[in-house]
Structure formats: C-alpha cells, structure tokens
Amino acid sequence: MSTSVDALGTTVKSQSRVRRVVTNQQFVLFVVLIALILFFASRNSLFFRVGEFSNLFTDFSGLVLIALAETYVIVAGGIDLAVGSTAAVSGVVAAGWIQPLVNHGVNQAVILLVGTLACAVVGALAGGLSALLITAFDLVPFVATLVTYSVGAGLALVISHGAPVGYNPGAIYWSASGIGMITWLVAIVLVVAVVLGVVLHLTVYGRYNFAIGSNEFAARAAGIAVRRHLISVYVLAGVLAGLTGMFFYIRSGSGAATTGVTNSANLVAIAAVVIGGASLTGGVGRWAGTMLGAAVLTVVSDGLIFINVPPTWIQVVVGALIAVAALLQSFRRRSRRVP
Amino acid sequence: MTIASERTPVLELRNITLHYGSVEALHDVSIKSYAGEVIGLVGDNGAGKSSLIKVISGVNTADSGEVIVDGVRRHWRSPHDSMAAGIETLYQDSGLAPDLSIGSNIFLGREKRRSGLLGRLGFVDQRAMEKEALEQLARVGITIPATQRTVSELSGGQRQAVAIGRAIAWAKHVIVLDEPTNHLGARQSAEVLNVIKSAREQGLSVIFISHSLPHVLEVTDRIIVLRLGRVVRDAPTGEFTVESLLGTITGLSESTGS
C-alpha cells in the first residue's frame, strides 16, 4: 500500500490571496453596492431617508424570492422562465379565492394565511407542470418553463380579465406595519431567504443541487435520485414564485396579471443570479451572490428613478451590469484555469 | 493466480441481454468475477463494455438475465443499490462533479451529517468529510494536498487519482474501472496500475476496462473479450499475447479463439 498517486499530473497554479479576494464576485458586488448607494445619496441626499431605505427593502423583497428560486434551478443546471407569470397567476387566483373572506370581514391574519397557502399551492402546480415536462417528457428546461410561463401568463389574463382581482385595504394597511424601516412583510421574506441560503449551502439537499448541476451523470452514478430532486427544485421554485405573488397581493391589496411581475421579472431574477456569480451551465452559484445581485439591481432601479433618470434607461443599465458581471466571471475562470 | 472455480464468485452475471431501443447492446452475456482477482474487459468501440458495466452498477437495467452478488440474486433499481451491495464503479471521464470539492466528491451520495437534530434536518458535516476524505485517500495510497479544492482545479491525473481513490475506498466487494489510464502519461498509468494491484491484494474483485492492451496484459489475471455485445473469449491472461488479443477483439483471428 505504498503506492502514491500524489505525483499524478501537474501542480495547480497558485494564486495570490489578494487576487482571489479582488476577483471574488461577492466582494466586488459588495463594493459596487456601497458605491451605488453613496453615488445616489450624493446626487440626492433624500436617498438616505429611512422611508427610502424602507422602499428599497420592500422592492428587494419582491425580487429576492424569485431570484433565489432561480438560483436553485440554475445551480441544478436548469433555467426557469416561469417564475414571473407564476407569481402573477398565483396572486390572481388567490385574490379571487379569498375575496369572499374579505367581504365577510374575516380576521385579516386568517385571510392572509389562507391566501399564502393558496398562492403556494398554485405555485407548486405551476412548478409541477415544468417538472413534469422536464422529467417525464424530457423537454429541456428552457422550453418546458417557457410553456409554463405562457400558460401562467395567459391564465392570469383570462382569470382577471386584465383588471385587478379583489380589493383588500386591510392587507395594504398591514403591509406598511413593522419596526423602523423593516416591515413585517419584509421581515418574513428575509427569514425565508435566509432559510433558503442555509438549505442551499449547509444541507444534503443543497449539496445534491450542486452535484446535479455540476455533473448530472456523476450524481446519478453516486446514487442520488436526480429525477426526484429536479422535480422538487422546480416545485420549490413554483412555490417561491407563488409566495412572491402573495407579496404583491399584500402590497397592492389585489391580484393583477400585470403586477409588474409577469414579463421582466423572470429576466430580472435571472440577472440577479448571473450578477451574483452563478454559472448558467450549472454547479456554480452562491446564496450571498444572488442576495447582493438582487440588492444591486434594486438599488440601481430605484436610484435611477430617484435621480430623475427616465425609467426606460434602467433596462440598459441592467444590461450593462450583466455584461460586467459576466466578464468578471470569465476573467476569474481564466485566471484559475489549470495549465 | 489460480482461479478456484468451486469458489462462489463475488459477482456473477448470467445471460444478460440489453437493448437500447431496437439496438441490441448486450446478448446473452455471462461473466464471473472472484475476490482477489483482476479481470480485463476488452473489446472494440461498441462491443458493449460500457453497457455491461452500467448493468453491473445499476445505471441501466438489463432486459433479461440475472445479477448475482455473493451467491444472492439481486435487482438494482438505481446505482444506490449496487453501491450498498459493495460495488463501486469508476466511469470514464465522468465520475466526479467538477464544481464540488475533493472531499464532497469522495462523499458524494454518502454525505456525513452533523450529529443530533441538525443532522436529522439534513445538515452536512463538511469538516469531518474533508478530514476523512484525506484519510480515505491516504489509506489507498493517494495523498492530495488540500481536499477543500474543487475538482475543476485539479489536473487530469489528479482527478483520476481522486476518482480511483473514491472507488477503492468505498468498495467492499467489486470495483469496476472504466478506462482509468485514459489520457494519462506512462508514469501516471504505472501508478494507477499499482493502485489496481493493491486493490487485488486487499481482496477486492477488480474489473478493468481498457483499450491499452499492454496495461491489460500486465495487471489482469483473466481477460474477457466482448465483440458486438457477446462474450467471444474468457480465458486466463497467460493465454494471450498483444497480437492474439488484438485478433480476438477485431475478430480477424477467429481460428485461434476458443
């Protein structure tokens, strides 16, 4: 047993610690985030008001759950184009179901809990459709979730007739309550986000997610139930999208097919993940990266409006951010490549 | 090495047939492997080598035929079942998850969990895995500097060392190695062959698939030749030379075959 295979191959090119830190995507994003906040504040000191930070947290919360859903899916080697429309259809359906409770003056907590459950169920069904198309019919995730996206967006319009569904002023009132700049609504979203991070990076479930995205065959050969895991990931993404639908219902007191979550939301969520350093080929991604990516996108979108840049320009800036993030990632990959 | 045919084979395949759609990949294949024996499985591309090892490991399920481990007939529903039965498989070029650390790869599918409630909630004990991964690799004669490194940061030879180390460390009965010396230089290949020999000394049954006939002749006790999904020759290694083996593989020396 004295054989040593240690000498096999060449040694890995060593990297200076400084370079590792500087090219670390999370570190760069954190610096960018701080710089952006300081920039917007220098242009308009009102940016530092508590109220504005509260708005930032709220807008961040509307994005972060679908961005984390997308992180799970992308790390597992897939893509989900349906999170936005799933949020819309969940919100519309749940709004219709719980409106009778609102009309009968049922306790608001009960209404919101029932609504949350309804949204989660509708979201799970949407995610289940994607999962079915992918695992049973072997569609690639892009096509499968495009189907779910279309069905969801269409159903949301059909059910709502293009108009807001239901009206629940109590929900809007509750959505503003909280401590300081953190509303209860935001706090709940943040707790869910933290749980998702812990599961992704510290548990067996998260480990399997990375393994499948990194090398699906290796994962299967190692005895991991790949199909079952992928089903669960798309259902999870659907549920998180559904919860986002409920989030927008609570903020506006009604469900709408055009809550602003349908069309661009998928792409913004994917942008947050990519800016956060994940690889669309799977196996690579960090919770902290997505959180920071979502934060940067939120600050940019809100900040540009705050300094009177026309909203039409925001997408261009987002595009530039994605480009910079992608370039940074490719630079990092090249600098780490083994000779 | 003598092959005592009265001994119970540690792994036996009986009359295995496998189709991919209308293509017959394996036809009535029967093989036996014994503890402390290295079998060479050779054949041209498309001869059915990879299909056969996928039946052994449970990645594919045979259309007919039996898989018998230690005298007990088994049915694999997934690779997990074959692993649980003590059979480890090293797949050609694709057995590792490149984005995971070495330690995570060694424990892939067998993650160590934290103790207590956290473990029951599915929390992994990463530190223990990294530590034990080093020990496990060292036990089979492989020393790797730091197991926290991701596999994508390793050279081809180091990756292969990790993959072989994982397979040998977990195997209780049988280890299947698909082209383990592929893409390796002469010295690295020699080291892999040494690892195979030490696996035999540990009493494992080794099934070694390779295109490199000199490697097969050097390290195996018995050679099984597959052609077009059938076993065409199964004989002690001493009965072969590179030339006769090549002839049997290609079918050009049918007369010298058994």
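Residues numbered from 1 in each chain as written. Chains lettered and ligands numbered in written order. Predicted model: local features only at pLDDT ≥ 70, side-chain atom pairs only at ≥ 80, totals over all residues.

Trainee: What's the story with the overall build of chain A in this structure? I'm lost.
Mentor: Along its length, chain A carries 14 helices and 2 strands. Classification of the 339 residues of chain A by burial places 48% in the buried group. (Helix = DSSP H or I, 4+ residues; strand = E, 2+ residues; numbered from the N terminus. Buried ≥ 20, exposed ≤ 12 C-beta atoms within 10 Å, placed from the backbone.)

Trainee: Explanation requested: the environment of B:K172 in the structure shown.
Mentor: Residues and elements named next belong to chain B. Its place among the elements puts K172 in the loop between α6 (156-170) and β7 (174-178). Judged by C-beta crowding, with 14 C-beta atoms within 10 Å, K172 ranks as partly exposed. Placed 31 residues apart in sequence, K172 and G203 show a C-alpha to C-alpha distance of 9.1 Å.

Trainee: How should I be thinking about helix α9 (residues 204-214) of chain A in this particular structure?
Mentor: Within α9(A), 9 of the 11 residues are buried, which leaves it mostly tucked inside the rest of the structure. Regarding α9(A), the residues found buried are A:G206, A:R207, A:Y208, A:N209, A:F210, A:A211, A:I212, A:G213 and A:S214.

Trainee: Would you explain the confidence of the model for chain A in this entry?
Mentor: Where the model shows low pLDDT, its predicted coordinates should not be examined in detail. Residue-level pLDDT values for chain A average 87, and 89% of them are 70 or greater. In this model residues 1-15 of chain A is a low-confidence stretch, pLDDT under 50, and it forms 39 contacts with partners more than four residues away in sequence or in other chains. (pLDDT = per-residue confidence, 0-100. Contact = placed C-beta atoms within 7 Å.)

Trainee: Explain the sheet that holds strand β2 (residues 23-33) of chain B here, please?
Mentor: Pairing between the strands of a sheet comes from backbone hydrogen bonds, and it takes one of two forms, parallel or antiparallel. Residues and elements named next belong to chain B. Sheet architecture is open: 4 strands sit in the order β2-β1-β4-β5, paired in antiparallel fashion. Of all the strands in the sheet, just β2 and β5 (72-74) have a single pairing partner and so form its edges. For this sheet the average axis-to-axis angle between neighbouring strands, irrespective of direction, equals 30°. Here strand β1 (residues 11-20) runs beside β2; their pairing, made up of 7 bridges, is antiparallel. Bridge pairing links L18 to L26 in β2. Most of the contacts of helix α1 (residues 49-57) go to β2, to which it runs at about 60°, and overall it touches β1 and β2. (Pairing = 2+ DSSP bridges. Axes fitted to C-alpha atoms, helices over the stretch in contact; angles between N-to-C directions.)

Trainee: What is the right way to read the interface of chain B and chain A from this model?
Mentor: In many reports, interface size means the accessible area that the parts give up when they come together. In this assembly, 41 residues from chain B lie in contact with 31 residues from chain A. Counting residues per element, the ones that place at least two in the side of chain B that touches chain A are α2 (79-84), α6 and α7 (186-201) of chain B. In terms of residues, the side of chain B that touches chain A owes the most to one element, α7(B), which gives 6 residues. Broken down by class, the residue content of the side of chain B that touches chain A amounts to 17 nonpolar, 19 polar and 5 charged. (Nonpolar A, V, L, I, M, F, W, Y, C, P; charged D, E, K, R; others polar.)

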